[in-house]
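Spelled out from the first residue to the last, the chains are:
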Amino acid sequence: GGRVYLVSTENGSDRLLAMCLDAATGQVLWQYTAASADKKLPSGNTMASCSPCAQADGALFLFGEGTLVKLDMSGQEIWKRNLAADYGPLTLDFGFSSSPLLLDERLYIPVLRRVKSSRSDSAAELDSYLLCVNAADGKTLFRQTRPTDAREESTNAYTTPLPVSIAGKMHVVVYGADCVTGHDPQTGKELWRYTYSTD
C-alpha cells in the first residue's frame, strides 16, 4: 500500500521505535515507541533488529527485549505483549534478531537461546522453542519446545523460519542450534530433524 515499515532506535535515548514511511517520498508518516531498552550489546547491535511483517490492516513488530506489537495503518496499537515476560529472557549474546514469519494469518517466531543467560540475574534453565501467535489478536496458538544437544553459544541462532512445501504439505523450517527441523504449521509438532554437528 505504498508504505515501508521498519524498526529503529532513537539517537540519544533508549527508545525502540516502530515506524512507517511513505514509499514514494521517504517521509515518516508515523512512529510509535514500542519499548525502551538500555542493554548494551557486543558489536554495536541494538534491540531493534527484527524485520516487521506487513498486513493489509497494518504491521507486526518484534523487538529484542521481547516486545511484540501489532499496529494499524495509522500507527495505533491493536495488541501488545512481551515474550520475555511470558517465557523468560531472550538470552542471545549479540541480541535477539530472528525475524518472524507471517503465514496464513499466523506469526511464527523461533527463540533459539542459551539454557542459562550470562546477561541475566535469573538462574532458571530456559528452553528454546517455536512460538505461533494469532496475528489478529496476539494470542498464543502453540509453543513447541525445540531441544538440542548443542552447547554454549551454539544454542543461539539469529535465523528466520521458512515456509517450505514438501510433497504437497507445508512445513515451517527452523535452522540453528546444530540442527534443522521441520514443523507442522498447525500444531508445531516436529515432523523431522537433521542434526549436522554437535562438536
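All of these numbers come straight from a predicted model, not from anything done at the bench.

Conventions adopted
- Residues numbered from 1 in each chain as written.
- Predicted model: local features only at pLDDT ≥ 70, side-chain atom pairs only at ≥ 80, totals over all residues.
- Heavy atoms only, no water.
- Helix = DSSP H or I, 4+ residues; strand = E, 2+ residues; numbered from the N terminus.
- Buried < 20%, exposed > 50% of the residue type's maximum accessible area, 1.4 Å probe, protein only.
- Lys, Arg positive; Asp, Glu negative; His and termini not counted.
- Charge placed at Lys NZ, Arg CZ, Asp CG, Glu CD.
- Salt bridge = Lys/Arg side-chain N within 4 Å of Asp/Glu carboxyl O.
- Contact = heavy atoms within 4.5 Å.
- Pairing = 2+ DSSP bridges.

A. Spatial organisation of the overall build of the chain. When its secondary structure is counted, the chain shows 1 helix and 15 strands. Taken along its principal axes, the extent of the C-alpha atoms in the chain is 50 × 45 × 25 Å. For the chain, the residues scored as buried account for 46% of the 199 residues in total. Averaged over its 19 positive side-chain charges, the chain has a centre that lies 2 Å from the centre of its 23 negative ones.

B. View of the side chain of Arg106. Tracing the backbone shows Arg106 in strand β9 (residues 106-111). As a buried residue without a salt bridge, Arg106 has its nearest oppositely charged side chain in Asp184, at a separation of 6.9 Å. Beyond its immediate stretch of four places on either side in the chain, Arg106 contacts Leu101, Cys132, Val133, Ala135, Leu141, Phe142, Pro185 and Gln186.

C. Molecular detail of the environment of Leu92. Within the secondary structure, Leu92 is located in the loop between α1 (83-87) and β8 (101-103). Taking the C-alpha atoms as reference points, Leu92 and Ala157, 65 residues apart in sequence, are found 7.7 Å from one another. Among all residues touching Leu92, those that are not within four sequence positions of it are Leu112, Arg113, Asn156, Ala157 and Tyr158.

D. Inspection of the pattern of salt bridges at higher detail. Applying the stated criterion to the full structure yields 7 salt bridges. Here Asp57 ties to Lys70 by a salt bridge, and the two come within 3.2 Å at their closest N and O atoms. One end of the pair, Asp57, is in the loop between β4 (53-55) and β5 (58-62); the other, Lys70, is in strand β6 (residues 67-72), and 13 residues separate them in sequence. Between Arg113 and Asp127 there is a salt bridge, with the nearest N and O atoms lying 3.3 Å from each other. Of this pair, Arg113 sits in the loop between β9 and β10 (129-134) while Asp127 sits in the loop between β9 and β10, and the two are 14 residues apart along the sequence. Accessibility expressed as a relative area gives 1% for Arg113, which makes it buried. Within this structure, Arg113, Asp127 and Arg143 form a network of salt bridges that share partners.

E. View of the pairing of β5. Among the 5 residues in β5, 5 count as buried, and that is most of the element. As judged from the 3 bridges shared by β4 and β5, these two strands associate in the antiparallel manner. For Ala54, the partnering residue across the bridge sits in β5 and is Ala59. Hairpin remark: β4 followed by β5, antiparallel, with 2 residues in the connecting loop. The pairing of β5 with β6 spans 5 bridges and is classified as antiparallel. Its bridge partner being in β6, Gly58 is matched across the sheet by Asp72.

F. Region of interest: the pairing of β9. Within β9, 6 of the 6 residues are buried, which leaves the element mostly enclosed by the surrounding structure. Alternating positions in β9 separate into two faces, Arg106, Tyr108 and Pro110 on one and Leu107, Ile109 and Val111 on the other, with burial throughout. Pairing geometry for β8 and β9, over 3 bridges, is antiparallel. Across the sheet, the residue bridging to Leu101 is Tyr108, located in β9.

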